[in-house]
Amino acid sequence: MDKRIVLASNNAGKISELNDLFSPFNINIIAQGDLGVAEIDETGLSFVENAILKARNASQITNLPAIADDSGLEVAVLNGKPGIYSTRFAGENANDRSNNAKLLKILRETGNTDRQANFRCVMCYLRYWDDPSPVISEGTLDGEIIDEHKGENGFGYDPIFYVKEFNKTCAELSKQQKNQISHRGKATKALLDKLVAKRIINA
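Residues numbered from 1 in each chain as written. Predicted model: local features only at pLDDT ≥ 70, side-chain atom pairs only at ≥ 80, totals over all residues. Heavy atoms only, no water.

A.B. asks: For this particular structure, what's the right way to read the pattern of salt bridges?
C.D. replies: Pairing is possible between side chains that carry opposite charge, provided their charged atoms lie close to one another. Taken as a whole and judged by the stated rule, the model has 13 salt bridges. With a closest N to O distance of 3.5 Å, Asp-69 and Arg-184 form a salt bridge. With a gap of 115 residues between them, Asp-69 in strand S3 (residues 66-75) and Arg-184 in helix H5 (residues 183-197) connect regions that are remote in the sequence. Among the ionic pairs, Lys-105 bridges to Glu-109, the shortest N-O distance being 2.6 Å. Of this pair, Lys-105 and Glu-109 both sit in helix H3 (residues 96-110), four residues apart, which is roughly one turn of the helix. (Salt bridge = Lys/Arg side-chain N within 4 Å of Asp/Glu carboxyl O. Helix = DSSP H or I, 4+ residues; strand = E, 2+ residues; numbered from the N terminus.)

A.B. asks: Whenever I open this one, the packing of aromatic side chains confuses me. Can you help?
C.D. replies: Ring pairs (aromatic) are described by centroid distance and by the angle formed between their planes. Across all of its chains, the model carries one aromatic pair by this definition. Centroid distance Phe-119 to Phe-161: 4.2 Å. Interplanar angle 35°. Geometry classified as tilted. Remark: Phe-161 occurs in strand S6 (residues 161-163) and Phe-119 occurs in strand S4 (residues 116-126); sequence separation between them is 42 residues. The ring of Phe-89 is capped by Lys-102, whose NZ or CZ atom sits 4.6 Å from the centre of that ring. (Phe/Tyr/Trp six-rings, centres within 6.5 Å; stacked < 30°, edge-to-face > 60°. Lys NZ or Arg CZ within 6 Å of the ring centre and 35° of its normal.)

A.B. asks: What is the right way to look at the side chain of Asp-70 in this model?
C.D. replies: Topologically, Asp-70 is positioned in strand S3. Residue contacts for Asp-70: discarding those within four places in its chain leaves Glu-42, Ser-46, Phe-47, Asn-50, Ala-51, Lys-54, Ile-84, Arg-120, Cys-121 and Val-122. (Contact = heavy atoms within 4.5 Å.)

A.B. asks: Is there a simple way to explain the nonpolar core in this structure?
C.D. replies: The nonpolar side chains of a soluble globular protein tend to be buried with one another. Among the nonpolar cores identified, the biggest contains 20 residues, and Phe-22, Ile-29, Ile-67, Tyr-125 and Leu-195 are the most heavily contacted of them. Residue contributions to this core peak at four residues, all from H5. Every residue in contact with Ile-29, bar those within four places of it in the chain, is listed here: Ile-5, Leu-7, Ile-15, Leu-18, Asn-19, Phe-22 and Ile-67. Counting 18 residues, the second-largest nonpolar core is a separate cluster that includes Val-75, Leu-78, Ile-145 and Val-163. (Core = buried A, V, L, I, M, F, W, Y, C linked by side-chain atoms within 4.5 Å. Buried < 20%, exposed > 50% of the residue type's maximum accessible area, 1.4 Å probe, protein only.)

Structure representation (structure tokens):
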């Protein structure tokens with residue numbers, strides 16, 4: 001197996017997290033942008049569909065195995081929103097700050113005190129671009145949304161996502177703590193287990 005896998009993302013946080021988790025297997029995760037792959041429109045209606053679309057595109061252009069994830073925040077009282085639109089919740093030019101601000105504004109307007117939420121991540125691995133049997137895994141992290149931004153680590157909704165187990169937001173957790181409990185960490189570990197079981201990578 002090629003020791004390089006292209007990640008269908010240019011998000012520095014994701015690249016760092018995945019390289020930490022794949023490093024024991026001597027596998028190097030490379031951002032698609034470093035290989036000349038442009039981002040594509042996420043036209044799927046589910047996390048699974050979007051992950052497969054992104055992985056196929058990256059693999060086809062680079063001729064490398066590819067990993068893609070689609071992840072997002074699901075808030076119970078908002079019927080699972082922002083969901084697949086988490087990264088562009090505040091519009092096409094959204095950033096972490098504007099997304100967080102919009103979410104908190106909507107939650108305040110509902111008047112509902114239930115702030116239960118979860119991060120969900122679906123990961124897809126393709127051996128080659130037209131692989132008919134994508135390896136799919138999923139991970140979730142339960143928590144709740146708080147009004148105050150806390151912490152400097154992480155990205156996205158991490159500063160307002162409170163994890164009761166640690167009495168901290170995701171942005172207050174260390175990288176090691178976050179990798180242990182995060183939705184992406186769980187999905188990646190589940191993916192690694194499947195790749196080892198299928199002998200796609202060596203334990």
